[in-house]
Amino acid sequence: MSEFDIVVRNGTVVTAADTASCDVGIREGRIVALGEGLGQGAREIDAGGKLVLPGGIDSHCHIDQVSGMGVRTADDFHSATISAAFGGNTTVIPFAAQQRGQSLRSVVQDYHELATPKAVIDYAFHLIISDPSEQILNQELPALIHDGYTSFKVFMTYERMRLNDRQLLDVLSVARREGALMMVHAENDDVIAWISAKLLEQGHREPKFHAISHAQIAESEATHRAIRLSELMDVPLLVVHVSAEGAMNEIRRAQNAGLRVYGETCPQYLFLTKEDLDLPAVEGAKFCCSPPPRDTNSQAAMWRGLKNGTFQVFSSDHAPYRFDETGKLSAGPNPSFKEIANGLPGLELRLPLLFSEGVQTGRLTVNEFVALASTNAARIYGLDGRKGSIAVGLDADLAIWNPDRSVTVTADMMHDNAGYTPYEGRTLNGWPETVVSRGRVIVNEGEFSAEPGSGDFLPCEKPEPARPLGRLLPEVDPATNFGAEIISDTPLDTGAGD
Ligand code: URP
Ligand code: ZN
Ligand code: ZN
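Values in this document were obtained by computation on a predicted structure and should not be read as measured data.

**Quick word on the coordination of the zinc ion (ligand 2)**
Right, on to step 1. At 2.1 to 2.2 Å from the zinc ion (ligand 2) lie its protein donor atoms, namely Lys-153 (NZ), His-185 (ND1) and His-241 (NE2).
Right, on to step 2. Binding-site remark: the zinc ion (ligand 2) is held by donors from one chain whose sequence spacing is K-x31-H-x55-H.
Right, on to step 3. Separating the zinc ion (ligand 2) from the zinc ion (ligand 3) is a distance of 3.9 Å. With Lys-153 in strand 12 (residues 151–155) and His-185 in strand 13 (residues 181–185), the pair connects residues that are 32 residues apart, well separated along the chain. No difference in accessibility class separates Lys-153 from His-185, as the two residues are buried.

Next up, the structure:
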């Protein structure tokens, strides 16, 4: 009788904190031993010369979701989670996205119906709130936070999704009261709309004008505003998909001032530029996402932010649309830049890109890579009791990387449904060859084996306790605590029907 179900032997085990040569013993889906010369496993995996890392957590991806522009993304939970697994991930956190008028509870139920029969790796959900009515804020959202949906994204742009500042404050005050984390897509909608109208008036329709309309200042202004609003409430905020230095500096300044502001960037802001949108005909549509890829200075700034800790999270923002009438060209074969669905595929290459151009070039240590790939997301989103590291008691979620394997990327190799990859032809150094999800070897040397529906839903813990009010609110009268009461503890009257 074997002592372990699996032993991963002779590898270099890396966490966000440590690097050690040791074996990993797995039983009943969990890590039960770390040490030298562990006893026999029913299955033995030789990781000699390889890096044994925690499975990646992609904490920003859109799966089977109708986007802000009303187009459904190309992957279902089966193709998306297989693609994620081949990219060294064992957990995804997609969105249960509310369209205006929908009950949030029923939206969550719908996403479970999409995910339960199909996911092959574990998943949690963030919520997207596009309609913060009194019923949503005071009834549904608190109940959902209690049930393990402890983070939600709001948009400051997109006609069908955006919230105004008053609505952002309403949502932030629920985040404060209930102990949840707000994520924000920070771009100034009016700036984008104004520039877009001018461009279209002058006949500028091509994809490259998408990048011009989404000016950097639209991003930095909205980032500044979102941070100030969260400061008023003294609640944590995570600014997603940061693309440029201005927005990054806003986050850094807030962090230096002691605010709990987190930042995320994505592969497209390290590896693509606005020149990629400037291709013949509408080929540039393949690279349209929001915020758009910027320039080489912005890429350098994003690398700095990953290194110096401004960004805790590196996510794909996987939002795949096929280059046909179901996706990028849903408005016709020759759409204007305003009619192109925003988003790129990225689940499968997020980590290989970061490993190759981060770790292998010496920009990041392998421990920093692990923090950005997995550990920080687990901590920030309340999954660290189970995920994000290699330690006795945690789920046996591992990605075994061969640092010496070079792969030249082609669309044919990808397992998602986008039909193309923005990273076609790049040679990446280092590859996740074996992936173990809760003790199941699901990827091994290019072969996949896991049943649809074998991924589990993960309820998230509340990320951080609220801090006492008044610390940042000089207008609060210490005798009556009056300002604090307004912000925190009374059920909201959102002024619906005003
Ligand atoms: O262009 C993007 N990023 N599309 C996905 C939706 C979003 O805003 O994250
Ligand atoms: Zn977004
Ligand atoms: Zn997104």
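Moving on from the model shown.
**Points about the pattern of salt bridges**
Right, on to step 1. With the rule as written, the count across this model stands at 28 salt bridges.
Right, on to step 2. We note a salt bridge from Asp-23 to Arg-9, for which the minimum N-O separation is 3.3 Å. Pair noted here: Asp-23 is in strand 4 (residues 23–27) and Arg-9 is in strand 1 (residues 4–9), with a separation of 14 residues, a long-range link. Judged on exposure class, the residue Asp-23 and its partner Arg-9 are both buried.
Right, on to step 3. A salt bridge links Glu-245 to Arg-304, with the nearest nitrogen and oxygen atoms 2.9 Å apart. Here Arg-304 lies in helix 10 (residues 296–308) and Glu-245 lies in helix 8 (residues 245–256), a separation of 59 residues in the sequence.
Right, on to step 4. For Arg-304, a relative accessible area of 41% translates into the label partly exposed.
Right, on to step 5. If you follow the salt bridges from partner to partner, you end up with Asp-122, Arg-386, Lys-387, Asp-395, Asp-397, Arg-438 and Asp-456 in one network.

**Focus: the coordination of the zinc ion (ligand 3)**
By definition of the ideal shapes, a tetrahedral metal site with four donors has angles of 109.5 degrees and an octahedral site with six donors has angles of 90 or 180 degrees.
Right, on to step 1. For the zinc ion (ligand 3), every protein donor is listed as His-60 (NE2), His-62 (NE2) and Asp-317 (OD), and the spread of their distances is 1.9 to 2.0 Å.
Right, on to step 2. Every donor residue of the zinc ion (ligand 3) comes from the same chain, spaced as H-x1-H-x254-D.

**Concerning the sheet that holds strand 19 (residues 440–444)**
Right, on to step 1. Reading across from one edge, 3-2-7-17-18-19-20 is the order of the seven strands in this open sheet, with mixed pairing throughout. Among the strands making up the open sheet, the edge pair consists of strand 3 (19–21) and strand 20 (447–448).
Right, on to step 2. Note that strand 18 (residues 427–437) and strand 19 share four bridges and pair antiparallel. Directly across from Thr-434, in strand 19, lies its bridge partner Asn-444.

**What about the side chain of Asp-64?**
Right, on to step 1. Mapped onto the secondary structure, Asp-64 falls in the loop between strand 8 (56–61) and helix 1 (77–86).
Right, on to step 2. Given the relative accessible area of 10%, Asp-64 is considered buried.
Right, on to step 3. Not counting the four nearest positions on each side in its chain, Asp-64 is found in contact with Arg-72, Thr-73, Asp-75, Asp-76, Phe-77, Tyr-111 and Leu-114.

**Comments concerning the domain arrangement of the protein chain**
Right, on to step 1. Considered domain by domain, the protein chain is made up of domain 1 (4–53 + 389–404 + 429–448) and domain 2 (56–380).
Right, on to step 2. Computed over C-alpha atoms only, the centres of domain 1 and domain 2 are separated by 31 Å.
Right, on to step 3. Each partner contributes to the interface: domain 1 provides 28 residues, whereas domain 2 provides 23 residues.
Right, on to step 4. For the domain 1 and domain 2 pair, buried surface summed over both sides reaches about 1900 Å², with 65% attributable to carbon and sulfur atoms.
Right, on to step 5. Of all residues in domain 1, the largest losses of buried area upon contact with domain 2 belong to Ala-16, Trp-401 and Phe-448, amounting jointly to 27% of the total for that side.
Right, on to step 6. The interface formed by domain 1 and domain 2 includes one salt bridge.
Right, on to step 7. With a shortest N-O distance of 2.7 Å, Asp-122 and Arg-438 are connected by a salt bridge.
Right, on to step 8. In this structure, the connection of domain 1 to domain 2 is made through eight residue pairs in polar contact (both at pLDDT 80 or more).

About the thresholds
- Residues numbered from 1 in each chain as written.
- Chains lettered and ligands numbered in written order.
- Predicted model: local features only at pLDDT ≥ 70, side-chain atom pairs only at ≥ 80, totals over all residues.
- Heavy atoms only, no water.
- Donors = N, O, S within 2.8 Å, 3.2 Å for Na, K, Ca; no water.
- Helix = DSSP H or I, 4+ residues; strand = E, 2+ residues; numbered from the N terminus.
- Buried < 20%, exposed > 50% of the residue type's maximum accessible area, 1.4 Å probe, protein only.
- Salt bridge = Lys/Arg side-chain N within 4 Å of Asp/Glu carboxyl O.
- Pairing = 2+ DSSP bridges.
- Contact = heavy atoms within 4.5 Å.
- Domains from an automatic or database assignment.
- Buried area = accessible area lost by both parts, 1.4 Å probe.
- Polar contact = N/O pair within 3.5 Å; in protein donor to acceptor, adjacent residues only side chain to side chain.

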